[in-house]
Amino acid sequence: MRERDTNGPGRERHARVVITGFMAAGKTTVARALAALLGCQMADTDELVREREGRTPAAIIEAEGEARFREIESRALADALAYDGPLVVATGGGTWAVAVNRALVAERGCLAVWLDAPFDLCWRRITGEVESAERPLARDVHQARALYDARRPSYALAPVRVPVREGDTPDETARRSALSLAAYG
């Protein structure tokens with residue numbers, strides 16, 4: 001699905017975008033900046049989970065396991081994608097690794113953008129966060145690295161890849177994402 005871009009004659013932009021990538025790649029902040037740049041709505045599946053369940057994704061994983069969390073997360077993604085208008089959705093780091101979620105994104109006419117951040121950058125961000133204890137799937141560098149390596153093949157299925165570089169601001173990454181989206185179509 002595309003929407004006419006009013007910034008230039010004959011130019012179009014993708015109106016429905018899903019941002020994927022590893023934890024701490026910057027999905028939420030880039031999605032927010034990209035939505036502002038494109039002038040559309042933004043949703044975050046982790047926020048939708050918190051609103052619906054009244055607890056964090058980490059609390060759900062700790063109490064009920066990752067499989068149960070993935071079910072809840074898939075419903076949150078479906079709810080976000082039920083919105084019919086132009087939209088940018090930030091997903092959790094494991095959302096795109098679930099085949100049914102990738103199928104739903106395609107079915108709803110969305111284009112997936114992979115924020116491809118190097119592991120070392122993600123790990124520095126994870127360990128530098130105040131809420132780093134809120135990442136039960138990355139309790140140590142070895143566990144996080146194994147998860148990063150395991151998820152990369154599924155991230156690579158996203159049609160658009162945007163490298164995340166050390167020192168880039170979310171606005172810079174959002175601009176590069178918008179350019180990649182324009183080049184894609």
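Up top is the structure these notes are about.
Bear in mind that the values here come from a model prediction, so they are computed numbers and not experimental data. (Residues numbered from 1 in each chain as written. Predicted model: local features only at pLDDT ≥ 70, side-chain atom pairs only at ≥ 80, totals over all residues. Heavy atoms only, no water.)

1. A look at the side chain of arginine 151
Item 1. With respect to the element layout, arginine 151 can be found in helix H7 (residues 141–155).
Item 2. Within the structure, arginine 151 has its side chain in polar contact with the backbone oxygen of glycine 93 (distance 3.3 Å). (Helix = DSSP H or I, 4+ residues; strand = E, 2+ residues; numbered from the N terminus. Polar contact = N/O pair within 3.5 Å; in protein donor to acceptor, adjacent residues only side chain to side chain.)

2. Quick word on the packing of helix H2 (residues 45–53) against helix H4 (residues 66–81)
Item 1. Packing of H2 against H4 brings their axes to within 9 Å, and their N-to-C directions diverge by 105°. One way to sum up the angle between H2 and H4 is to call them roughly perpendicular. Within the contact between the two elements, H2 uses Thr45, Asp46, Leu48, Val49, Arg52 and Glu53 and H4 uses Phe69, Ile72, Glu73, Arg75, Ala76, Leu77, Asp79 and Ala80.
Item 2. Its residues assigned to classes, the contact of H2 with H4 shows 7 nonpolar, 1 polar and 6 charged. (Axes fitted to C-alpha atoms, helices over the stretch in contact; angles between N-to-C directions. Parallel < 35°, antiparallel > 145°, perpendicular 65-115°, else oblique. Contact = heavy atoms within 4.5 Å. Nonpolar A, V, L, I, M, F, W, Y, C, P; charged D, E, K, R; others polar.)

3. Let's talk about the packing of aromatic side chains
Any aromatic ring pair is given by two values, namely how distant the centres are and how the planes are angled relative to each other.
Item 1. The full count for this structure, using the stated rule, is 4 aromatic pairs.
Item 2. Pairing tryptophan 114 with tyrosine 155 gives two aromatic rings, centres 6.1 Å apart and planes at 35°, and the pair type is tilted. With a gap of 41 residues between them, tryptophan 114 in strand S6 (residues 111–116) and tyrosine 155 in helix H7 connect regions that are remote in the sequence. Across this residue pair, the class does not change: tryptophan 114 and tyrosine 155 are buried.
Item 3. The ring of tryptophan 114 carries the charged tip of arginine 161 above its face, separated from the ring centre by 5.9 Å. (Phe/Tyr/Trp six-rings, centres within 6.5 Å; stacked < 30°, edge-to-face > 60°. Buried < 20%, exposed > 50% of the residue type's maximum accessible area, 1.4 Å probe, protein only. Lys NZ or Arg CZ within 6 Å of the ring centre and 35° of its normal.)

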